[in-house]
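Spelled out from the first residue to the last, the chains are:
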Amino acid sequence: MTPAINLLLKHKIAHEVLQYTHDANVESFGLEAAQKLNLAANVVFKTLVVKLDSQALCVAVLPVEHKLSMKLLAKAAGAKKAQMADKVEVERVTGYVLGGVSPLGQKKPLMTIIDSSACQLQTFYVSAGKRGLEIALIPDDLASVLNAKFVDICQ
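Along every chain, residues carry numbers that run from 1 in the direction the sequence is written. Side-chain atom pairs in this predicted model are given and counted only at pLDDT of 80 or more, local residue features only at pLDDT of at least 70, and totals for whole chains, interfaces and linings cover all residues. Hydrogens and water molecules were not included; the side-chain quantities draw on all heavy atoms of the structure.

Moving on, we get to the pattern of salt bridges. When a carboxyl oxygen of Asp or Glu is within 4 Å of a side-chain nitrogen of Lys or Arg, the pair counts as a salt bridge. Within the structure shown, the criterion is met by 3 salt bridges. The salt bridge partner of E32 is K36, with a shortest N-O separation of 3.3 Å. Of the two residues, E32 and K36 are both situated in helix α2 (residues 29–36); the distance of 4 residues between them amounts to about one turn of the helix. Only protein chains enter the accessibility calculation, which uses a 1.4 Å probe; a residue is then buried when its area is under 20% of its type maximum, exposed when over 50%, and partly exposed in between. In this structure E32 comes out as buried when scored by relative accessible area, which is 3%. Judged by relative accessible area, K36 falls into the partly exposed class, the value being 42%. Runs of E in the DSSP output that reach at least two residues are strands. Runs of H or I that reach at least four are helices, and both are numbered from the N terminus.

This is how it looks when you write it as structure tokens:
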């Protein structure tokens, strides 16, 4: 069990946990999850943590096959600028290691923005908080438990 899975259980949110053997030599954790679980890349979402110009951190959840638009994310978060957060800060604030950062069950709740492409999906997949572990759930359920909003944030 990870904090992400525990949070879903606590809120009685329907989900499925999928596991695969993580390859330590892989650089794109999200694409690895899609390939190893035989899923389309547009339904597997990655979790990125960015730092806004206000110094606040924000979570972006977007398809693994896309790149984050810092400009769109900053606007959605009510900031002027955004940049990728420092690895050490991400791990300290979320409690997860890079490649296993889940939008769920983070040590410190952060503003979360989910790419609007998720609204077209019945189910999507996010990290369960550990490399090699994914959670399948309904996008609206994720948004509800995190008080997140759906916005176009991809380039």
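In this analysis, rings of Phe, Tyr and Trp, with Trp reduced to its six-membered ring, are considered paired at centre separations within 6.5 Å, and the interplanar angle assigns stacked below 30 degrees, edge-to-face beyond 60, and tilted for intermediate values. As enumerated under the stated definition, the model contains 1 aromatic pair in all. Seen in terms of ring centroids, F45 and F124 are 4.8 Å apart; in terms of plane orientation they differ by 75°. Their pairing is edge-to-face. Of this pair, F45 sits in strand β2 (residues 45–52) while F124 sits in strand β6 (residues 124–130), and the two are 79 residues apart along the sequence. Judged by its relative accessible area of 0%, F124 is buried.

The next subject is the pairing of β2. When you tally the buried positions in β2, you get 7 out of 8 residues, the bulk of the element. At least two DSSP bridges between two strands are needed for those strands to be called paired. The pairing of β2 with strand β3 (residues 57–63) spans 7 bridges and is antiparallel. In the sheet register, F45 faces β3, and the bridge partner there is P63. Between β2 and β3, which pair antiparallel and follow one another directly, the connecting turn spans 4 residues, one of which, Q55, has a positive phi of 80°. One ladder, built from 3 bridges, connects β2 with strand β4 (residues 82–84); its direction is antiparallel.

This next bit is on the nonpolar core. If you look at the biggest cluster of nonpolar residues, it comprises 42 residues, and the most contacted ones within it are L104, F124 and I135. Mapped onto this core, the elements with two or more residues apiece are α1 (3–10), α2, β2, β3, α4 (87–94), β6, β7 (133–137) and α5 (139–146). Contacts are assigned to residue pairs with any non-hydrogen atoms lying within 4.5 Å of each other. Setting aside anything within four residues of it in sequence, one finds F124 in contact with V43, F45, V61, I114, A118, I135, A136, L137, I138, P139 and L142. In plain words, nonpolar cores are sets of buried Ala, Val, Leu, Ile, Met, Phe, Trp, Tyr and Cys residues tied together by side-chain atoms within 4.5 Å. Counting 16 residues, the second-largest nonpolar core is a separate cluster that includes L48, A82, I153 and C154.

Looking at where A60 falls in the secondary structure, it is placed in strand β3. Overall, the relative accessible area of 0% leaves A60 in the buried class. Beyond its immediate sequence surroundings of up to four residues, A60 is in contact with K46, T47, L48, L68, L73, I113 and I153.

Among the residues of α4, those classed as buried are E89, V90, V93 and T94. Viewed along the axis of α4, the buried residues span an arc of 110°, placing them on a single side of the element. Seen from the buried face of α4, the exposed residues on the opposite side, beyond 90 degrees, are V88 and R92. If you follow the buried residues of α4, they end up packed against β2 and β3. The directions considered for the arc are those from the helix axis to the C-beta atoms.

Bringing the sheet that holds strand β1 (residues 16–19) into the picture now. Pairing within the open sheet is antiparallel, and its 3 strands lie in the order β1-β7-β6. Whereas interior strands pair on both sides, the edge strands pair on one side only; in this sheet they are β1 and β6. Going across the sheet, the axis of each strand differs from the next one's by a mean of 35°, ignoring polarity. Of the strand pairs in this sheet, β6 and β7 are connected by 5 bridges, and their pairing is antiparallel. Looking at the pairing, Y125 lines up with A136 of β7. Axis definition: a line fitted to C-alpha atoms, over the contacting stretch in the case of helices. Angles run 0 to 180 degrees between N-to-C directions. Across the face of the sheet, α1 comes into contact with β1, β6 and β7 while running at roughly 25° to β7.

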